[in-house]
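Residues per chain, in single letters:
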Amino acid sequence: MNRTLSCLAAGMLVLSTAAADAEDLTAEELVSGALDLMRGATSHVELTMKIKRPDWERSTSVVSWSQGREDTLIRFTAPAKDAGNALLKVGDNMWTYTPRLNRTIRLPYSMRAQSWGGSDFSYNDLSRSDQVLRHYDLAILDKRQDGEHTIYTIEAVPHENAPVVWGKEIWVLRDDYVMLEQVFYDQLQVALKRMTTLEIGSMGGRTLATRMRMERLDESDHWTEVVTDSAEFDIELPERMFTLFTLKEAT
């Protein structure tokens, strides 16, 4: 009997500790967790990107590698006309490479809000780093329970004169750091884009968003979906992975 009571007490302690941990999560911890969930210490991810417009749609295949929160290499692998087009981000620096022209271009901040590959993602969107942690004030606006998960709504407001595009962002995250929604506002606080998680699954030993849609809110039937086909995390990558040399080679 005493052993049973002890087990029950231990179980209640674990549950209460987990609940306390969820209660104690700050906006910064939630955003940090969301960024790290999708990247790990390192990552290798294969994606399918589908772009939809009122009168056409097309799909492309993409592969990406990341290291920490700052280094990212993204490359088109299909269709053939796009294969080899690539993006490299190292720290605050960003370059693109076009094999057809054999040309590498360093992207200034002024160009990073532009569409990448004709999609609804900008260059900044595809290489999200810890920018939101460095240049924004974060605050939890709302917290609610949805089944076994606590759902947090977080407001991210940029510091004055911060080198960022958006006037505000709203993040909706689960307590396990899975991103459910992200809304982007311009400097007049008008919502322009929304990214929504459509499917959540297990991949690479993690539970994460496996299908997400970015849609433009000022035009109907304009969206881009990204489906994660495979993912592996905390793997060994070549030392020269995040270099201009690798940007130009077919990896």
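Residues numbered from 1 in each chain as written. Predicted model: local features only at pLDDT ≥ 70, side-chain atom pairs only at ≥ 80, totals over all residues. Heavy atoms only, no water.

(A) Inspection of the overall build of the chain at higher detail. Looking only at helices and strands, one finds 5 helices and 13 strands in the chain. The buried share of the chain, taken over its 251 residues, is 46%. Summarising the internal contacts of the chain: among those between residues at least 6 apart in sequence, 48% fall at separations of at least 24. (Helix = DSSP H or I, 4+ residues; strand = E, 2+ residues; numbered from the N terminus. Buried < 20%, exposed > 50% of the residue type's maximum accessible area, 1.4 Å probe, protein only. Contact = heavy atoms within 4.5 Å.)

(B) Layout of the side chain of Asp186. Looking at where Asp186 falls in the secondary structure, it is placed in the loop between strand S10 (179-185) and strand S11 (191-203). One buried charged side chain, Asp186, makes no salt bridge at all; its nearest oppositely charged neighbour is Lys168, positioned 9.4 Å away. In terms of polar contacts, Asp186 uses its side chain to reach the backbone amide nitrogen of Leu188, at 2.8 Å. (Lys, Arg positive; Asp, Glu negative; His and termini not counted. Salt bridge = Lys/Arg side-chain N within 4 Å of Asp/Glu carboxyl O. Polar contact = N/O pair within 3.5 Å; in protein donor to acceptor, adjacent residues only side chain to side chain.)

(C) Examining helix H2 (residues 27-39) more closely. Its 13 residues place the ends of H2 19 Å apart at the C-alpha level, agreeing with the 18 Å of an ideal helix rising 1.5 Å per residue. Within H2, burial applies to Ala27, Leu30, Val31, Ser32, Gly33, Ala34, Leu35, Leu37 and Arg39. Once H2 ends, the next one or two residues include Gly40, with phi positive near 65°. (Expected span 1.5 Å × (residues − 1).)

(D) Highlighting the packing of aromatic side chains. Counted according to the given criterion, the structure contains 2 aromatic pairs. Geometrically, the ring pair formed by Phe76 and Trp116 is stacked, given 4.6 Å between the ring centres and 5° between the ring planes. Linking Phe76 in strand S3 (residues 71-78) with Trp116 in the loop between strand S6 (103-106) and helix H3 (123-126), this pair joins segments that are 40 residues apart in sequence. Of the residues examined, Phe76 reaches a relative accessible area of 5% and is grouped as buried. Seen from their ring centres, Trp166 and Phe184 are 5.2 Å apart, and the 45° between their planes marks the pair as tilted. A residue pair is termed long-range when its members are at least 10 positions apart, and Trp166 in the loop between strand S8 (149-158) and strand S9 (168-174) and Phe184 in strand S10 qualify at 18 residues. On the basis of relative accessibility, which here comes to 13%, the residue Trp166 falls in the buried class. A relative accessible area of 1% means that Phe184 is categorised as buried. The positively charged end of Arg112 is found above the aromatic ring belonging to Tyr109, 4.3 Å away from the centroid. Over the ring of Phe184 we find Lys193, and its NZ or CZ is 5.5 Å from the ring centre. (Phe/Tyr/Trp six-rings, centres within 6.5 Å; stacked < 30°, edge-to-face > 60°. Lys NZ or Arg CZ within 6 Å of the ring centre and 35° of its normal.)

(E) Quick look at the pattern of salt bridges. In this structure the tally under the stated criterion is 19 salt bridges. With a shortest N-O distance of 2.7 Å, Arg174 and Asp176 are connected by a salt bridge. Judged by its relative accessible area of 14%, Arg174 is buried. Here Arg206 makes a salt bridge to Asp234, at a shortest N to O gap of 3.3 Å. In this pair, Arg206 is assigned in strand S12 (residues 206-216) and Asp234 in the loop between strand S13 (223-233) and helix H5 (244-247), connecting sequence segments 28 residues apart. Residue Arg206 is classed as buried on the basis of its relative accessible area of 19%. Connected through shared salt-bridge partners, Arg53, Asp120, Arg216 and Glu219 make up one network.

(F) Structural view of a negative patch on the surface. Negative charge collects at one region of the surface, where Asp24, Glu28, Glu29 and Asp137 lie side by side. When you line up the elements, Glu29 lands in helix H2. Given the relative accessible area of 40%, Glu29 is considered partly exposed. (Patch = residues over 30% accessible without salt bridge, like charges linked within 9 Å, V, L, I, M, F, W, Y side chains within 5 Å. Areas by Shrake-Rupley, 256 points an atom, 1.4 Å probe, with all protein chains shown as cover. Charge placed at Lys NZ, Arg CZ, Asp CG, Glu CD.)

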